[in-house]
Amino acid sequence: MTTPTAARRPLAELTGLTPLAATTACPDPQHVFGRLRAEHGPVAPVELEPGVHAWLVMGYPEILTVTRQEQLYSCDPSDWSAQHDGSLPADSLLRPMMSPYDNAFFVNGERHRRLRAPIAGGMAEIDQRAMRRAVTALCTDVIGSFAGRGEADLVADYAAIVPVLAVADRFGLNAVESHELQAGLAAMFAWGADALAARERVMKILADVLAARRAVPSDDLTTYFAEHPNLRDDAEIYDTMVLVLVAANENTMSCIAQTLRLMLTDERFAGRLRGGRLGVDDAIDEVLWRDPPMTNAPARYALRDTELAGQPVRRGDALILGLTAANADPRIHTTGEPWREVGNRAHLSWGAGPHACPAQVPARLIIRTAVETVLHLLPGVRLAVPPEKLESVPSPWGRTPRSIPVRFAPVARQQPATD
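Caption draft 1: Geometry of helix H1 (residues 29-40). Its 12 residues place the ends of H1 16 Å apart at the C-alpha level, agreeing with the 16 Å of an ideal helix rising 1.5 Å per residue. Inspection of H1 places Pro29, Gln30, Val32, Phe33, Leu36, Arg37 and His40 among the buried residues, and these make up the whole buried set. Take H1 and look down its axis: the buried residues cluster within an arc of 155°, on one side only. Of the exposed residues in H1, those oriented more than 90 degrees away from the buried face are His31 and Ala38. Those residues of H1 that are buried are in contact with strand S1 (18-19), strand S2 (43-49), strand S3 (52-57), strand S6 (296-302), strand S8 (311-313) and helix H13 (323-327). A positive backbone phi angle near 90° is found at Gly41, which sits one or two residues after H1.

Caption draft 2: Looking closely at the sheet that holds strand S11 (residues 405-407). The strand order across the open sheet formed by 3 strands is S5-S11-S10, and the pairing between neighbours is antiparallel. The open sheet has two edge strands, strand S5 (151-153) and strand S10 (382-383), and neither has a second partner. As paired elements, S10 and S11 share 2 bridges and run antiparallel to each other. Following the sheet pairing, Leu383 is matched in S11 by Val406.

Caption draft 3: View of the side chain of Thr324. With respect to the helices, strands and loops of the structure, Thr324 is situated in helix H13. Apart from residues lying up to four places away in sequence, Thr324 is in contact with Gln30, Phe33, Arg290, Pro292, Met294 and Thr295.

Caption draft 4: The arrangement of the nonpolar core in detail. Ranked by internal contacts, the top residues of the largest apolar core, which has 84 residues, are Leu154, Tyr158 and Leu181. Not counting residues up to four positions away in its chain, the partners in contact with Tyr158 are Cys139, Val142, Ile143, Phe146, Asp153, Leu260, Ala370, Thr373 and Val374. Listed in part, the 46 residues of the second largest apolar core include Val52, Leu56, Ala325 and Trp397.

Caption draft 5: How the structure looks around the sheet that holds S1. Strand order in the open sheet formed by 6 strands is S1-S2-S3-S9-S6-S4, with mixed pairing between adjacent strands. Each edge of the open sheet carries a strand with a single partner, namely S1 and strand S4 (73-74). By the bridge criterion, 6 bridges tie S2 to S3 in an arrangement that is antiparallel. In the sheet register, Glu47 faces S3, and the bridge partner there is His53.

Analysis parameters
- Residues numbered from 1 in each chain as written.
- Predicted model: local features only at pLDDT ≥ 70, side-chain atom pairs only at ≥ 80, totals over all residues.
- Heavy atoms only, no water.
- Helix = DSSP H or I, 4+ residues; strand = E, 2+ residues; numbered from the N terminus.
- Expected span 1.5 Å × (residues − 1).
- Buried < 20%, exposed > 50% of the residue type's maximum accessible area, 1.4 Å probe, protein only.
- Arc of directions from axis to C-beta.
- Contact = heavy atoms within 4.5 Å.
- Pairing = 2+ DSSP bridges.
- Core = buried A, V, L, I, M, F, W, Y, C linked by side-chain atoms within 4.5 Å.

Structural data, given as structure tokens:
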């Protein structure tokens, strides 16, 4: 594919660009990605906000290049020219996702490896059998809070609650602390007037549990992080705890919601409720290919002038990882619909390179358990609205369902199953 000459101009000189939000605010993102590919190739200029531009990397091999070459593409937003040249407004909605933070997600090289090691080690220490029992009990309890009504919103009443409570349990928080933490994180990411106060509440909860574990160590992630030599002070411990909680809350919640939507709206999976052929793992795989938790992931920042798929990437340019687009890159599939390649898990939804998600196994365990428990405990669960009425939360980054209203036969609160 030949990249049009006009698109080879530097980002700052381009006008009339497609807004990044247009890739998530439509029924079929692949239609938008296809048009961008036809116009620009696998790396396209897009508008993040008026006057703020970036490259959208839509090619599978190009994303591997960007995510694997730390010496050329930085994770640190301090390397973004918009942070310094005045083009990023002080009140920009991009700042929450594209501002520097002192944790493993936003640093590079040796410091990244030092801060990532405790997270990877902590995830590897998790007893999956015990975690499944705990998550099943948690899901059963959450479902019990609305099962008697015969109706619910599987996003607000369930998917938005389960992931952070499940991870809070692994940090050793009790039920009251876990619910306070969930409410605090929800307020933080609503970016309302009380976001800063919510952050202070979250940090107070984490400080209290850290102090308790220093006094009496336990078999949990808080103790593991507190004792890990790579985390050199309380600030690094707090930031690592927050990173794990935030990643679990936002991405796992989205994947639970998307999988439930698919199970309830697609006949291939809806049939599973009546003994059909495709199950929960198949649905999760399809979501991770077709509608991953992040449609577009921020970001990498060029450390020097370079070229990517024929585009002139300049030092300080931002590159957005178009995960949904890359998962459907026609150059890497033998069919026109990669999500129908059952059993293929080579998608990029967990990221790639040194910053690939270190919590893939526990995240999938939570997702699968959450979806299976709904289908098991809510007999006859079905959508309460036509599928086309389901809307996504407005965001340039993802397409999480705003709500999934359902009806089912009312049931009494049940005890969790054990295995």
